[in-house]
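# Fold and contact review
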Amino acid sequence: EEGICKRLPERKEVVFLPYKASMWDSLESVWMAADKDPNCDAYVIPIPYYDKKPDGSIGKLHYEGGLYPEYVSVTDYREYDLEESHPDIIFIHNPYDQYNNATSIAPEYYSDKLKQCTKCLVYIPYYATAGGMGMGQSLCPVYFNADYIVMQSANYRKCFDPRIPDKKFLP
């Protein structure tokens, strides 16, 4: 039994939780690699988000699951139970949770809740920068909940709040 277990490849379950189809390109290359890996089950599960009203309350619901390229197999968020499946890795591109002034992802997908549903939560920014980041990007809720934060290069570490442990950064 032990010999068989050592020879069998370990399968990974990896989930990608984009919310805006226009931001999919930030996760796409990582998904492509996971999708090609024969030892990986990769799921793209677009999640709903809401507009925020001027007073900060939740507005109109949006779901963009039908806006992804044809080659991307999309799983409906209502058909995948994160708590039950407990994927090995979850990739996200929203750092704000409820603190974005324009939109909010559905509260059940805030990073503190996602962290309880996975072994590894990875944040990949949906933007590229030519030299720095705004102050609003230096400290976001996901930075505390994510196991890893992907960044363009090690030079961008200085743009993040010093309270975030260095070991979280993946240049």
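For the structure, check the block above.
What you see is a predicted model; the values in this text were computed from it and never measured.

On to the environment of Lys60. Considering the arrangement of structural elements, one finds Lys60 in strand E4 (residues 58-62). Along the sequence, Lys60 and Tyr50 sit ten residues apart, while their C-alpha atoms lie 5.4 Å from each other. In contact with Lys60, other than residues within four places in its own chain, are Tyr49, Tyr50 and Asp51.

Checked against the element boundaries, Lys168 lands in the loop between strand E8 (148-150) and strand E9 (169-170). One buried charge, Lys168, has no salt-bridge partner; the nearest side chain with opposite charge is Asp147, at 6.5 Å. A distance of 2.8 Å separates a polar atom in the side chain of Lys168 from the backbone oxygen of Tyr143. Ignoring anything within four residues of it in the chain, the contact list for Lys168 reads Tyr143, Phe144, Asn145, Ala146, Asp147, Tyr148 and Ile149.

Attention shifts here to the pairing of E4. Here three bridges tie strand E3 (residues 49-52) to E4, and the two strands are oriented antiparallel to one another. When the sheet's bridge partners are listed, Tyr50 is paired in E4 with Leu61.

Calculation rules
- Residues numbered from 1 in each chain as written.
- Predicted model: local features only at pLDDT ≥ 70, side-chain atom pairs only at ≥ 80, totals over all residues.
- Heavy atoms only, no water.
- Helix = DSSP H or I, 4+ residues; strand = E, 2+ residues; numbered from the N terminus.
- Contact = heavy atoms within 4.5 Å.
- Buried < 20%, exposed > 50% of the residue type's maximum accessible area, 1.4 Å probe, protein only.
- Lys, Arg positive; Asp, Glu negative; His and termini not counted.
- Salt bridge = Lys/Arg side-chain N within 4 Å of Asp/Glu carboxyl O.
- Polar contact = N/O pair within 3.5 Å; in protein donor to acceptor, adjacent residues only side chain to side chain.
- Pairing = 2+ DSSP bridges.

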